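Chains, contacts and geometry: an overview
Okay, here's what each chain looks like letter by letter:
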Amino acid sequence: MKVNLLTGMLMFLFLILGGEKLYADGDAKKDLPELTDKSALTDRDKIDMLLNSCDENLYSDPQTVRLQLPGILSYATRVGYEKGIADAKQYYGILYQQDGELSQAMSSYQDALTIYEKIGDERGAAHAHNNIGIIFHRQGKYVKALENYQAALNYYDTHNIIHPLITTLTNIASAYITIGLINEAEDYNKRALDLAEKNDFKDKLATSLVNMGVISSKRQKLTEAKHYYTRALNVYEELDNQRGVANCLLNIGVIWQKQGKMPIAFEHTIQAMSLFKELNDHNRISQCINNIGVILEKVGSYEKAINYYTAALKIIGDMGVSNEVARIYKNLSKAYAGLENYKEALYYHEKYKSYSDSVISLAKSQQIAELQTKYETQKKEQLIELQQAKLERQKLLGNTLLGLTISILLVAGLIIYAYVQKRLDNEKITQQNTEIARQNGMLAMQKNALEELNQTKDKLFSVIGHDLRGPIANMRSIFDMVLEDEFTDRKELFDVMKVLRDKTCDTHNLLENLLYWSRSQQGRITPNQGVVDLSELVEDSLDLIKADAKVKGIDMEIRMEGAVLSYCDADMINLVLRNLLSNAIKFTPSGGRVILEIEQNDQNIKVAVRDTGVGIPKENIPKLFDKETYFTTYGTNKEKGSGLGLNLCREFVEANSGNIAVDSQQGKGSVFYFTLPLAGSRQVADKQFSDV
């Protein structure tokens, strides 16, 4: 697509002098083809043929795919073809993604991934991981994006599936570009570019060329960037890929704008926006409008620039693309400063900083450190492989020299044989004595282990015989009463069902604690640590216990400012939170309050669970974490515990480099608190360094 400079200048002048309408709404519909025919094909064959048609038209004619998919999904669901259902979900996700509806796209991709994993379709799962990574990338969740990209890359690399392998490589490169790791991005993208050229995959060649353009632009090599974008544009035009054409026009417009050529920059942006409008891509439309605002700001039309920034913000606001929102806020601040309206300029600058600090800075500090470590590890592994190859070559030469050396040593060995034989006999006796001592030590250790196992067995039998038998017997009695129709009053039956639910929840929590406790006693649990957002663990824990709080009329309050990242085992800390919150509810009377506080400082993270419950007598506090006694009491509603929960909490917190403690006043309430390491702490850095 060639740009008419004169047309661009005229349209640009029209915009500055008063033009407002940028594009008109339009829609194109096509009839949905029949889903079945009268051939001898099976239902699955027909569904696969229809899905292949969707794949061919997904980017060139998405409106037709939108009309076909509901019928295809219904057909696959009716005949129980799970792979067809998963493939249709994938295509729905791509369409939602094209429309900028990221949450719905993510839901469709995750549904597809669940089905692929269920039926053992590794290739489909790899495709879903790649698409999920794209959504996380656009949402600014770069670690999760790269984890999904890596899962896809592992499969494609192992099975040498070149086309999707190139896609994943370019996606990883794009993620590294976003977070500022330009050298690493170039490494991945060059591999993708080489594979695309070698295999004559023109669509992937265009994508790789676009990434090279972005990399050059980041390095301020604008002419080189424009060259890459123009090459990609030519390929996309040859393929009739309108989305690719529009992206290239948008990027070329940015380069012209940076070079001060505003009319031609405006013309490219207008053409790109027109194509995105036809494709119904609201996210890219917002970017085009934002870029027009930048062009207007560069020529001093601040008020018009503000109008365009505001329009772009309105479109992108509900789509979850945080980085783009931050960029618009920054542009609004600069435009208001140009009008000398410093109040509004400061307002939007603070909003930009808020987004920047919470999204961009997070990605460019903790996540970049993690990604940099992974990248350096890969570099070291490649160096090790080269060194191993060198050692193999040296080994051949060494073997020859070794043969000569052995011949010489054999002659010398005959001379000193008698001396060595006597020395060996003495060493053998010493080794035998050492082995006897070692075996005695092993027997002592086995004796201690057997004693600990016997204590574990006794505790298990005690819990099963007392704590489990009682609730199960109560539930059996309630079931017998229901089956014998002894409840004539519906309210009475409802009250009994509430009691039954409470008993069931208590029994479930007891069994879960019992399982973790028994595994920990056998040394089968080791921390699987990583960077964890504690806000997500809090949500998971609240989902499990909020019903208990509601039944008792207890008010739950969470005090936490934004995302809090820790380096810990998510499952272990989830169990700790659940046990502490459950205990707080158990020992707090109706109408009370339970507060969960999470604070962080330069040293660590402190998590506290406060309640306004009955409190703990001073003499009982030392017993709470005693693994010999497993101390327990009844709750305010006579809830029964096993004494396992707090011991598990102590073990799991300490396994994650933390400490746990309690403060309590009888009649006023209790505070259980524990510490965890920060995701970026020196402690974590040392651990990662030692692992490498």
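For the structure itself, consult the block above.
Report follows, based on the coordinates.

Calculation notes
Residues numbered from 1 in each chain as written. Predicted model: local features only at pLDDT ≥ 70, side-chain atom pairs only at ≥ 80, totals over all residues. Heavy atoms only, no water. Axes fitted to C-alpha atoms, helices over the stretch in contact; angles between N-to-C directions. Helix = DSSP H or I, 4+ residues; strand = E, 2+ residues; numbered from the N terminus. Parallel < 35°, antiparallel > 145°, perpendicular 65-115°, else oblique. Left-handed = near helix turned anticlockwise from the far one by under 90°. Contact = heavy atoms within 4.5 Å. Phe/Tyr/Trp six-rings, centres within 6.5 Å; stacked < 30°, edge-to-face > 60°. Buried < 20%, exposed > 50% of the residue type's maximum accessible area, 1.4 Å probe, protein only. Lys NZ or Arg CZ within 6 Å of the ring centre and 35° of its normal.

Here the focus is the packing of helix 14 (residues 282-298) against helix 15 (residues 302-316). For the pair helix 14 and helix 15, interaxial distance at closest approach is 8 Å and the crossing angle is 165°. Between helix 14 and helix 15, the angle is such that the two are roughly antiparallel. Relative to helix 15, helix 14 is oriented so that their crossing is left-handed. Side by side, helix 14 and helix 15 meet where His282, Asn283, Ile285, Ser286, Ile289, Asn290, Ile292, Gly293, Val294, Leu296 and Glu297 of the first sit next to Tyr302, Lys304, Ala305, Tyr308, Tyr309, Ala311, Ala312, Ile315 and Ile316 of the second.

Right, let's talk about the packing of aromatic side chains for a bit. All chains considered together, the criterion is met by 6 aromatic pairs. For the pair Tyr92 and Tyr96, a centre-to-centre distance of 6.2 Å together with 25° between the ring planes defines the contact as stacked. On the criterion of helical spacing, the pair formed by Tyr92 and Tyr96 is a turn pair, its members being 4 residues apart in helix 4 (residues 82-98). Its relative accessible area of 24% is what places Tyr96 among the partly exposed residues. The interplanar angle of 25° and the centroid separation of 5.6 Å between the aromatic rings of Tyr176 and Tyr188 together place this pair among those described as stacked. Linking Tyr176 in helix 8 (residues 162-178) with Tyr188 in helix 9 (residues 182-199), this pair joins segments that are 12 residues apart in sequence. For the pair shown, Tyr176 and Tyr188 are each scored as buried. One cation-aromatic arrangement involves Lys226 over Trp256; the distance from NZ or CZ to the ring centre is 3.4 Å. Above the face of the Tyr673 ring, Lys606 is positioned so that its terminal group lies 4.7 Å from the ring centre.

So, about the side chain of Gln98. Looking at the secondary structure, you find Gln98 in helix 4. With relative accessibility at 4%, the residue Gln98 sits in the buried group. Setting aside its immediate chain neighbours within four residues, Gln98 contacts Leu58, Tyr59, Pro62, Arg66, Arg243, Asn280, Asp281 and His282.

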